[in-house]
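Structural overview
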Amino acid sequence: MMSALTDLTIAEAGSLLTKGEISAVDLADAHIAAMEAEAELNAFITPTPERAREMAAAADASRARGEAGLLNGIPLAAKDLFCTEGILTTAGSHILQGFEPVYESTVSENLWQAGAVLLGKTNLDEFAMGSSNVTSHYGPVKNPWGRAVGRDLVPGGSSGGSAAAVAARIALGAVGTDTGGSIRQPAAFSGIVGMKPTYGRCSRWGIVAFASSLDQAGPLTRTVQDAAIMLRAMASHDPKDSTSVDRSVPDYEAALTGDVRGLRVGVPAEYRLDGMPAEIEALWQQGITWMRDAGAEIVEVSLPLTKYALPCYYIVAPAEASSNLARYDGMRFGLRVDGADLTDTYESTRAAGFGAEVKRRVMIGTYVLSAGYYDAYYLKAQKVRSRIGEDFEAAFGRCDVLLTPTAPSAAFTIGERQDDPILMYLNDVFTVPANLAGLPGISVPAGLDREGLPLGLQIIGRAFDEETMFRAAGVLETAADFTAKPPAL
Amino acid sequence: MALDKADVLHIARLARIRVAAEDLEGIASDLNHIIDWVEQLGEVETDTTAPMTSVVQMALKTRDDVVGDGGYADKVLANAPETADGFFVVPKVIE
Amino acid sequence: MTGAALIKGHTGDWEVVIGLEVHAHVVSESKLFSAAATTFGAAPNSQVSLVDAAMPGMLPVINMHCVRQAVRTGLGLNAKINLHSVFDRKNYFYPDLPQGYQISQFKQPVVGEGVVVIDMPSGEPREIGIERLHLEQDAGKSLHDQHSTKSYIDLNRAGVALMEIVSKPDMRSADEAAAYLTKMRSILRYLGTCDGNMQEGSMRADVNVSVRRPGTALGTRCEIKNVNSIRFVRQAIEVESWRQVEILEDGGSIDQETRLFDPDKGETRAMRSKEESHDYRYFPDPDLLPLEFDQSFVDDLRAGLPELPDAKKARFVSEYALSEYDAGVLVVERETAAYYEAVVDGEGAGCDPKLAANWVISELFGRLNREGKTIAESPVSATQLSGLIKLVEDDTISGRIAKDVFAQMFETGTDAAAIVAAKGLKQITDSGAIEAAVEKVIQASPEQAVQFREGNQKVAGWFVGQVMKATQGKANPKLVNEILKKKLGG
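Model, not experiment: these values are computed from the prediction.

The rules behind the values
- Residues numbered from 1 in each chain as written.
- Chains lettered and ligands numbered in written order.
- Predicted model: local features only at pLDDT ≥ 70, side-chain atom pairs only at ≥ 80, totals over all residues.
- Heavy atoms only, no water.
- Domains from an automatic or database assignment.
- Salt bridge = Lys/Arg side-chain N within 4 Å of Asp/Glu carboxyl O.
- Helix = DSSP H or I, 4+ residues; strand = E, 2+ residues; numbered from the N terminus.
- Buried < 20%, exposed > 50% of the residue type's maximum accessible area, 1.4 Å probe, protein only.
- Contact = heavy atoms within 4.5 Å.
- Nonpolar A, V, L, I, M, F, W, Y, C, P; charged D, E, K, R; others polar.
- Pairing = 2+ DSSP bridges.
- Axes fitted to C-alpha atoms, helices over the stretch in contact; angles between N-to-C directions.

Focus on the domain arrangement of chain C
Partitioning chain C into domains gives domain 1 (7–272), domain 2 (307–423) and domain 3 (431–488). On a C-alpha basis, the centres of domain 1 of chain C and domain 3 of chain C stand 65 Å from each other.

Observations concerning the pattern of salt bridges
Counted by the stated rule, this structure contains 61 salt bridges over all chains. The salt bridge involving Glu38(A) is made with Arg147(A); its shortest N-O contact spans 2.5 Å. Of this pair, Glu38(A) sits in the loop between helix 3 (24–37) and strand 1 (44–47) while Arg147(A) sits in helix 6 (residues 146–149), and the two are 109 residues apart along the sequence. Take Arg147(A): its relative accessible area is 25%, and that puts it in the partly exposed class. In this structure, the salt-bridge partner of Lys307(A) is Glu43(B), at a minimum N-O distance of 3.8 Å. Taken together, the positions of Lys307(A) in helix 11 (residues 306–324) and Glu43(B) in the loop between helix 2 (21–38) and strand 1 (62–63) put the pair across two chains. Judged by relative accessible area, Glu43(B) falls into the exposed class, the value being 53%. Among the charged side chains, a salt-bridge network with shared partners connects Arg204(A), Asp241(A), Arg89(C), Asp285(C) and Asp287(C).

Description of the interface of chain C and chain B
With 50 residues of chain C at the contact, the number on the chain B side is 39 residues. Our count for the chain C to chain B interface comes out at one salt bridge. The partner of Lys150(C) in a salt bridge is Glu82(B), with the nearest N and O atoms 3.0 Å apart. Counting residues per element, the ones that place at least two in the side of chain C that touches chain B are strand 3 (62–63), helix 1 (64–76), strand 9 (141–143) and strand 10 (150–154) of chain C. Ranked by residues supplied to the side of chain C that touches chain B, first place goes to strand 10 of chain C with five residues. Here the side of chain C that touches chain B is composed, by residue class, of 26 nonpolar, 16 polar and eight charged. Relative to strand 3 of chain C, strand 1 of chain B runs parallel, the two being bridged by two bridges.

Comments concerning the sheet that holds strand 6 (residues 217–221) of chain A
All names here are of chain A. The strand order 1-3-2-4-6-5-10-11-9-7-8 describes an open sheet built from eleven strands, whose pairing is mixed. Each end of this open sheet is capped by a strand with a single partner; those strands are strand 1 and strand 8 (297–301). Strand-to-strand twist of the sheet, defined as the mean angle between neighbouring strand axes without regard to direction, takes the value 30°. Bridging between strand 5 (residues 193–196) and strand 6 involves two bridges; their strand directions are antiparallel. The residue bridging Gly-194 from the neighbouring strand is Leu-220, located in strand 6. This element, helix 9 (residues 224–234), spans strand 2 (75–79), strand 4 (173–177), strand 5, strand 6 and strand 10 (441–448) of the sheet and lies at about 150° to strand 6.

Encoded structure:
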């Protein structure tokens, strides 16, 4: 019974709960057991089994009163970047040692309001800065697919713990955040669905900020339908976030019609990178064929500045981060390392509290904003960013969605690509452009590489047109019929 | 222009991150590697392009002038490393 | 030409060049980017939201009232209003700056160039240029005296909206700087955009001072931070300009630096902690969008502006025939001007405007100052004062008696007419009664009568005094004079 419960989709679990065939407490218990059994993945920084049982009992009670929300009784994991009231929130960093927020992020609050159950706070790259979940102060997360090849693989990052938890059947779904691909890339590495909404669709209030103009919360699930269900619960207009958009939240699930006849699917020529593995190219071609076979019109489009998206991102994101992370100074919360004087305390605290990658990005960000370099780097990058946005606009004049690979490779071994930061940054080459332009994107598991590791394809939509994006992703999912699972323990 | 150890030290000071003297060289090399790589943006023509100010089309959200927050010093101080009499306590600030 | 007060050094004359950055707390209920209260003097950290404390994931949302206040202030300073402006982050570390950056406006402020006319004692108006006005967050407060090695931080003030109003370096003396601040405070208070309370820190000034030989290029300036009274601004400029002159005359040079004014020692000194080369790494705050509004928003605010001091002064001069000086004194505070107008033509009031100006400026202000009271606390209402002046105007009481009556009004809050009636202070205008009194005095003083007839003016005054004494000051002095002349044939 236990394995059956953890194998459900959110839609299936919801249906069984509605029919009264299972209870939220049953579901929670099964997933708590899975969480404990899979401890070696290190997917969670803070498991919250007791909270989960309480919330599940409350969910059952409200269902009994006829007040079941959209996610009533659904056990979820939350990236430890979402502030959760009274629960340790670390951002994967030593500097937030002991930090228990006295507030709940808007997105997580929306989930609990919809009846969801919190299983725990998942591991991540420190301050979401990374693509492999190896920069966490709480150690790397193992990808459950490593068991298929007998090596310790990264789950991708930065929402690595969330991806691993969903892939390993610990949680029915998880919330992550995506600044440059941090939901979609780990979803691709872990054989699950990961979706980043349009910038402004989900509130950023209460999410530890990495790069404010790029960060966006989104779901990690096992199906496109589940992602649509979760997004509907997560999204809202939040008066507390100046960049949250005042638009009603549609029923994304209803958009999954399975019909893409006449839909114009753009294929950007510039996403064909030199040295890209043949398997990735082949999967992409397969995806194109699936969409064409389903009745979509395939359109060759051009996004000429694609190769500049990553360097652009690696100016904008660190610049914002260098400022966003200034509040971690040992004065009001978190770690303080006492020094000889105030400056010494600041410098000691931040030296001890931040890991190498965070320090590197804070320093790059500090540099590109500093006197004499601002115009050459930061201003230039924001201009390039405008042009990247214009390129997408032009492309969307000719198509309705874009189809691309999600990542240039499958999951790699923990410890690989560590010596050269740029090699690591290249993981995000296909995902970063959508963040720069604020567009919604979704990764759908589409096949296995020759070693048997999952690969994903990405659909990018127009701003606030998640519905068309979901519709295309649903068709891709059906065609790919990805049923592989990571080997169980 | 390559960063030298003195530049790294200056950046680290601005960012209030202590860097050990023996690490300066390695960090300089890392940073230079990344900066060399981002320099390629210089190839993009942007003479007539305005910098991006907001990624989605929307107006600035505003608030009415109403008091509706605060009044919970205990919560504000709850996570502080050191407090006294309702204040945050920090190393001596020199003017 | 500029009314510059030159410093006479031993090597020649020096001109002082002054620019002021005024930091004015916006009058608002809640903070610029959070809904916490702004009231002064609350328990530490009790008016702090999670946003103000810069808890992880907290985001700013702008208080539109503060924007309106800034635009109204810009209009009051005859300044250009920018329909598009941007909030930037100014990055630096300080324990009273929880975010590690201040949200401010750097490249694109909400208000651009304007001008303020200052009133100098010479009576010659001087125009001082405004460079810009921008909105920003205030920082919290650090207390240093509680502990030998620690500072205590109160964030109540953190996030309160400030307007930074930057002047051009157009002032040439401490007097001009003081007049500028006085005028600025007056305008802000008229507009109700800042209460101008320098003691509570609602208004502070950073003073930029440099010296140069007249007619030469600007010298290197020093910035004196956070001066919190007009008197201290004056003193700080005086000591700082002399400090610079002495250094230059000794062959030295001025370091551009930030200094503090120590009023106890009467000196400025360099701040000990120099912020790391002042590299604030400004960039547009990605948590906020640009601030945009249309011209009609500005026009509506303009339409709702009150009459400002300059316009009111001009009107007082033309409408009430007051002197420039009197009008200037009356319009400094909006409340005073309103009081004066109520005396002159308020409901149930009405009297001679010039007489009213004299009474308000000399008697009322004098008494209020001595008692340390504001005009709002005056025990004598505008209608009451008007009533008193009317009694003088229609000869019911003499000016001298009126002063006594005013003193009693101030003590008791009673109407002038009631005091006059109760104490029988009504002027004697019955010539029969005055004649009788004059007769008596003449009979008692034959010697003086002879002197009077011989034209001794001093004795004439003495006679008037004797008659007034005999009538307890109530005799109409004009009648007394006439009757004396008639009786003594002088």
